[in-house]
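Structure assessment
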Amino acid sequence: MPTNNNDATLARLKSNLGLCARARALIFGTPMVCEAMRSNKPPCLVLEAGDSSDHTHKRLTDKCSFYHIQHIRLPITGGELGAAVGKTSTVAAIAVTNEQLCKPVLAAWNMLIESSDPSSRHAKD
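So, a few notes on the structure that sits alongside this text. (Residues numbered from 1 in each chain as written. Predicted model: local features only at pLDDT ≥ 70, side-chain atom pairs only at ≥ 80, totals over all residues. Heavy atoms only, no water.)

Quick word on unusual backbone geometry
- Backbone geometry places Arg24, a non-glycine residue, at a positive phi of 55°.
- With respect to the helices, strands and loops of the structure, Arg24 is situated in the loop between helix H1 (5–22) and strand S1 (26–28).
- Among the residues examined, Arg24 registers a relative accessible area of 77% and is labelled exposed.
- Backbone geometry places His68, a non-glycine residue, at a positive phi of 55°.
- By the secondary structure assignment, His68 is in the loop between helix H3 (54–67) and strand S3 (70–73).
- Using a relative accessible area of 72% as the deciding quantity, one classes His68 as exposed. (Helix = DSSP H or I, 4+ residues; strand = E, 2+ residues; numbered from the N terminus. Buried < 20%, exposed > 50% of the residue type's maximum accessible area, 1.4 Å probe, protein only.)

Some remarks on the nonpolar core
- In this structure, Leu17, Leu45, Leu47, Leu74, Leu81 and Ile94 are the most contacted members of the largest nonpolar core, which totals 26 residues.
- Listed by contribution, the elements that provide at least two residues to this core are H1, strand S2 (45–48), strand S4 (93–96) and helix H5 (99–116).
- Ranked by the residues each element gives to this core, the list is headed by H5, at eight residues.
- Non-local contacts of Leu17, meaning those with residues more than four positions away in its chain, are made with Leu26, Leu47, Leu74, Leu81, Ala84, Val85, Ile94 and Val105.
- If you look at the next biggest cluster of nonpolar residues, it comprises 11 residues, including Cys34, Val46, Cys64 and Ile69. (Core = buried A, V, L, I, M, F, W, Y, C linked by side-chain atoms within 4.5 Å. Contact = heavy atoms within 4.5 Å.)

Printed below as a string of structure tokens:
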């Protein structure tokens, strides 16, 4: 049960990611996400677990910058990210492929950012 506004917003974000997973609008894993960015139909959003390695973070950040794809480093662990999308193992990165399903994820992220830091208005890492 969420105890404060940040927990409720984070729960909403995880719920939206679960909805994306059930709609098969997610790509799981850093190699698959990087491969999808090079494809003809790239993802609209890349989400990274907060505990991913520095190498993974740099790899995702560089590719997202090069391909002009929005990148967010979430304040949750890879285990929590995996559980949110229905996986039993840890997941370092996921990508949302459906633009319509990307909107509620970004809205929940922006609410989380605004509730924790009112001066921050950008969803980029």
